[in-house]
Amino acid sequence: MPHKIGFVVVSSSGHEDGFSARELMIHAPTVSGWRSPRFCQFPQEIVLQMVERCRIRKLQLLAHQYMIPSKVEFYISESLPEYFTPYQAERFRRLGYVSLCDNEKTGCKARELKSVYVDAVGQFLKLIFHQNHVNKYNVYNQVALVAVNIIGDPADFGDESNITSREKLIDHYLGHNAEDPALEGTCSGKSDYISPLDDLAFDMYQDPEVAQIIRRLDERKREAVQKERYDYAKKLKQAIADLQKMRRPLDLPLQPLACPSSPHHQPPMRSLPQPEERVSENRLADPFLQEKPSSHCLDVSPQRPTVDRPPPATDPPPKTHPDSLPYDERPLPVTRKQLGAAVSEAERRDVLGDEARRADTAGEPEPLTEKALREASSAVDVLGEALVAGAYSKTWSHREDALLTLHKQLTDTPVGTPKEDLKSTLRAAVFLVRRAIRDIVTPVFQASLKLLKMIITQYIPKHKLGRLETAHCVERTIPVLLTRTGDSSARLRVMASNFIQEIALFKEVKSLQVIPSYLVQPLKANSSTHLAMSQMALLARLLRDLGTEGAGFTVDSVMRFSVQALEHRVREVREAAVGMILDLYAQHRALVLEYLPPDDSTTRRNVLYKTIFEGFAKIDGRPTDAEMRARKRAAAEEAEKRKKEEIRALQGQLAALKEMQAEVQEKESEATKAKNQDTQERKVAPPNAPEIPDNHYLDNLCIFCGERSESFTEEGLDLHYWKHCLMLTRCEHCRQVVEISSLTEHLLTECDQKDGFGRCYRCSEAVSKEELPRHVKTRDCNPAKSEKLANRCPLCHENFSPGEEAWKAHLMGPAGCTMNLRRTHVLHRTPVLPPGKGPAATRAGTSGSKVGSKIPTPKGGLSKGSSRTYTKR
């Protein structure tokens, strides 16, 4: 037999705060349902997962009174895509759509209930909502769905062959036909019978307590039928009918939707339909399951009566009073307020059946019990027994009316009333408010908040009752309100949190500094997740609004609370505590650090503390550990890259030198041949001085200082470059040998420690970045001149004549640089030069083959403390 199928919300394209799609999982008169975000893009989607794979027989949608989509499409699927995205909608099979009335003719006062008969198998149902109908109440162009109901049976459920003939024989023997009103709803052998108790209108229109009683009676009735106790079953059926009259008030005008898309009356379903009726019902599902033109889509307009409902009776039923309509077809009015109410008043209509719940208010609330009289004796003495009895009533509408009545009495209290009477009335009202805050019914809870707000913001200031009475109101109600922030209903949690934040900012309450003291109380280990998260969120919001200066919050209290929350069992609470600590650190750096362990490797093993300290680094503008590691890796890669580039450059320079040497040798060999021919004809006199063969001119020669020596072998030149050459020096920071003339550029662009140097704009030399501000400020340096006008020595910081030969004179001459430490070592060493060739000629001849700004250090351990490898020339 088809029955109500439970489901969960898998996903939705979005929702307004406090109106999540998960609200659709609950069916009750006070649910608010789902709302799309304000000014959202269309279409909007909701995906539902049923508890099991089933065959859907009936779908029901309860639309909002003014947030109405123009069309709702249905899709079904056996499974959910791995990555649920809109472009994978082909995994869902389209069933059809329904069009919803714009509700203009009712003035947006009633909600439309759509019932659609289908025959589809699957486990996932997707609803797609199209553009909303425009009306003056829907100012944010939203769509909403108050409730959705799925009726079906398991997919492997047998067909009518499972019906036992025994039940048919019993019906025939007792003379019961399918339309016996006493057994209506007992599913007397019909496999496709849908119980009215599974209908959406039952849960949404019936008081929850009465609904539970009716369901228990219905279970007993079915058991009585199975046991063939038909008289008892008739009595239970009559009891159910009497209970259902509680939701039919005589003064409630149940007006059906005057809309062309309103469904026609559904005839009562017979317990044993004729075969031809079953065939017509099966044909109804065929157009629904197939993709056909819009004339065959799932449209509930009266022009398509054969698509969205069972076939009507042969003769059209006469117009009747709404109370006599079939159960499915009763309209669900929302409110009796006039059409011209503002949008804020329209929000009040969110509770389904606002008029229906007033059905039982015609009677008086039940008298107070002896226990209640003892508990509320002081309130009874001040407010009267009738009002207190309403506040203690078992009927929630009486409880709400009592609070609203008390609200009106306090508002109308004249100014000249004695202080004692005003205070006693206030304390009695606070007593009832405290009780009503605990109420599970949303309208009663809302009425209690409305009354409390009026007392604090209007009643006390109007009668000048003072801080003591305000403190009494806050201290008696805030603890109870805080417990409601952990309610299972998301809407009640949001309402309670927002109300606490609102009254905390009132000037009458802010000066008391009471609410902050409650919020920084440590979280209990057994507290619910909702309560802990609500307290964390509320504390964070109020901390931003009130700060830590004279408003009740202190750095000490907030940090103690936050550090304790870091140990909470719920991950979301711990993450919220981390965010709160970071926000507080941005304002009070030193004070916050006092409550945290030291920032070391042991502390950072804790992921939370690592996150906190990295957050501190970001706030301070310092690099985090990950960023520092990335920088070190990048620096190492860059250094390795530079090293390879330098090696390639040196190799290229050495190759150029070899080519030049080969050219010189070739020229010298030609000159030697011509000279040999002359020596054969004349006698050669002995030379006054030994000559150096021209073909080996570059051997044993330093191309930087022009010195020649027999000791300048390949290793001898390395030692000369490393220790003695007056034109070279070793960098104190990277231990590389560089030319003195290029030492400044080396420190700024090539040295391993180049990041620690900067250029002085006056002297153009490289200065440590730590000393650079003082160096620039003192202005003691000798200003540099343009390169065309003078050279600049980085050792003695003096300017001298431009040109390369001027460098030799400055660094090697007797009156040259006084800061060149190598001068004292080789000052008296005279280079041996070939006749007719001086240092100037040597320098000019080798200037095109200059090694560059850096000379590799010797290998073989010629320099102490150096680990660099020299590339052989």
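Residues numbered from 1 in each chain as written. Predicted model: local features only at pLDDT ≥ 70, side-chain atom pairs only at ≥ 80, totals over all residues. Heavy atoms only, no water.

Student: Which residues make up the pattern of salt bridges, and what are the values?
Tutor: Counted by the stated rule, this structure contains 27 salt bridges. Two residues, D412 and K408, come together in a salt bridge whose shortest N-O distance is 3.0 Å. The exposure class of K408 is exposed, given its relative accessible area of 54%. Three or more residues are tied together by salt bridges with common partners; here these are R55, R57, D119 and D153. (Salt bridge = Lys/Arg side-chain N within 4 Å of Asp/Glu carboxyl O. Buried < 20%, exposed > 50% of the residue type's maximum accessible area, 1.4 Å probe, protein only.)

Student: Give me the pairing of strand 4 (residues 44-63): which residues, what numbers.
Tutor: Most of strand 4 is tucked away: 14 of the 20 residues are buried. Bridging between strand 2 (residues 7-12) and strand 4 involves five bridges; their strand directions are antiparallel. Paired with V9 across the two strands is L48, which belongs to strand 4. Inspection of the sheet shows strand 4 paired to strand 8 (residues 113-129) by 14 bridges, in the antiparallel sense. Within strand 8, the residue paired with K58 across the bridge is Y117. Judged from the nine bridges that link them, strand 4 and strand 9 (residues 144-154) form a sheet pairing that is antiparallel. (Helix = DSSP H or I, 4+ residues; strand = E, 2+ residues; numbered from the N terminus. Pairing = 2+ DSSP bridges.)

Student: Tell me what's going on with a nonpolar patch on the surface, and back it up with residues and numbers.
Tutor: Nonpolar side chains collect at one region of the surface, where V8, M25 and I26 lie side by side and expose about 240 Å² of accessible area between them. Assignment of secondary structure puts M25 in the loop between strand 2 and strand 3 (34-35). (Patch = residues over 30% accessible without salt bridge, like charges linked within 9 Å, V, L, I, M, F, W, Y side chains within 5 Å. Areas by Shrake-Rupley, 256 points an atom, 1.4 Å probe, with all protein chains shown as cover.)

Student: Account for the packing of aromatic side chains, with residues named and values stated.
Tutor: Going through the model one piece at a time under the given rule, you end up with seven aromatic pairs. Between Y66 and Y137, the ring centres sit 5.8 Å apart and the planes meet at 50°, which makes this aromatic pair tilted. Taken as a pair, Y66 in the loop between strand 4 and strand 5 (71-77) and Y137 in the loop between strand 8 and strand 9 lie far apart in primary sequence, 71 residues in all. Y137 carries the same exposure label as Y66, and that label is buried. Aromatic pair F704 and Y721: ring centres 5.6 Å apart, planes at 85°, arrangement edge-to-face. You can see F704 sitting in the loop between helix 23 (625-679) and helix 24 (714-724) and its partner Y721 sitting in helix 24, a full 17 residues away along the chain. Each member of the pair, F704 as well as Y721, is classed as buried. One cation-aromatic arrangement involves K126 over F92; the distance from NZ or CZ to the ring centre is 4.6 Å. The ring of F445 carries the charged tip of R484 above its face, separated from the ring centre by 4.9 Å. (Phe/Tyr/Trp six-rings, centres within 6.5 Å; stacked < 30°, edge-to-face > 60°. Lys NZ or Arg CZ within 6 Å of the ring centre and 35° of its normal.)

Student: Explain the confidence of the model for the protein chain to me, using residue names and the numbers behind them.
Tutor: Model confidence for the protein chain is summarised by a mean pLDDT of 75, while 73% of its residues fall at 70 or above. In this model, residues 83-89 is a region of pLDDT below 50 whose contacts with residues beyond four sequence positions or in other chains number eight contacts. Confidence over residues 157-189 falls short of pLDDT 50; this stretch has 39 contacts with residues more than four positions distant or in other chains. (pLDDT = per-residue confidence, 0-100. Contact = heavy atoms within 4.5 Å.)

Student: Any details on the pairing of strand 6 (residues 93-99)? Residues and values, ideally.
Tutor: Counting buried residues along strand 6, five of its seven residues qualify, which places the element largely inside the surrounding structure. Across six bridges, strand 5 lies against strand 6 in antiparallel orientation. If you follow I76 over to strand 6, its bridge partner there is R93.

Student: So what about the packing of helix 11 (residues 396-411) against helix 13 (residues 442-463)? Which residues, and what values?
Tutor: Axis separation between helix 11 and helix 13 bottoms out at 9 Å; the angle between their running directions is 10°. What the angle tells us is that helix 11 and helix 13 run roughly parallel. The residues of helix 13 that touch helix 11, namely those facing W396, R399, E400, L403, L404, L406, H407, L410 and T411, are P443, V444, A447, S448, K450, L451, M454, I455, Y459 and K462. For the contact of helix 11 with helix 13, the residue count by class is 12 nonpolar, three polar and four charged. (Axes fitted to C-alpha atoms, helices over the stretch in contact; angles between N-to-C directions. Parallel < 35°, antiparallel > 145°, perpendicular 65-115°, else oblique. Nonpolar A, V, L, I, M, F, W, Y, C, P; charged D, E, K, R; others polar.)

Student: Explain helix 3 (residues 208-226) to me, and be specific about the residues and the numbers.
Tutor: With 19 residues, helix 3 should cover 27 Å at 1.5 Å per step; its first-to-last C-alpha distance of 27 Å lies within 8% of that length. Taken residue by residue, helix 3 has V210, A211, I214, L217, D218, K221, A224 and V225 as its buried positions. For helix 3, the angular spread of the buried residues around the axis is 135°, confining them to a single face. Set apart from the buried face of helix 3 by more than 90 degrees, the exposed residues are E209 and Q226. Looking at the buried side of helix 3, the elements it contacts are helix 2 (200-205) and helix 4 (230-244). Two residues or fewer after helix 3 comes E228, characterised by a positive phi angle close to 65°. (Expected span 1.5 Å × (residues − 1). Arc of directions from axis to C-beta.)

Student: Let's hear about the packing of helix 13 against helix 14 (residues 467-484): which residues, and what values?
Tutor: Viewed as axis vectors pointing N to C, helix 13 and helix 14 meet at an angle of 155°, and their least axial separation amounts to 11 Å. With respect to helix 14, the element helix 13 is oriented roughly antiparallel. Judged by the sense of rotation from one axis to the other, the crossing of helix 13 with helix 14 is left-handed. In this structure, helix 13 uses F445, L449, L452, I455, I456 and I460 to contact helix 14, whose residues at the interface are E469, T470, C473, V474, T477, L481 and R484. (Left-handed = near helix turned anticlockwise from the far one by under 90°.)

Student: Describe the environment of K754, and please don't skip the residues or the numbers.
Tutor: Mapped onto the elements, K754 comes out in the loop between helix 25 (743-750) and strand 13 (757-759). Its relative accessible area of 22% is what places K754 among the partly exposed residues. K754 sits 12 residues away from A766 along the chain, and the two C-alpha atoms are 9.4 Å apart.

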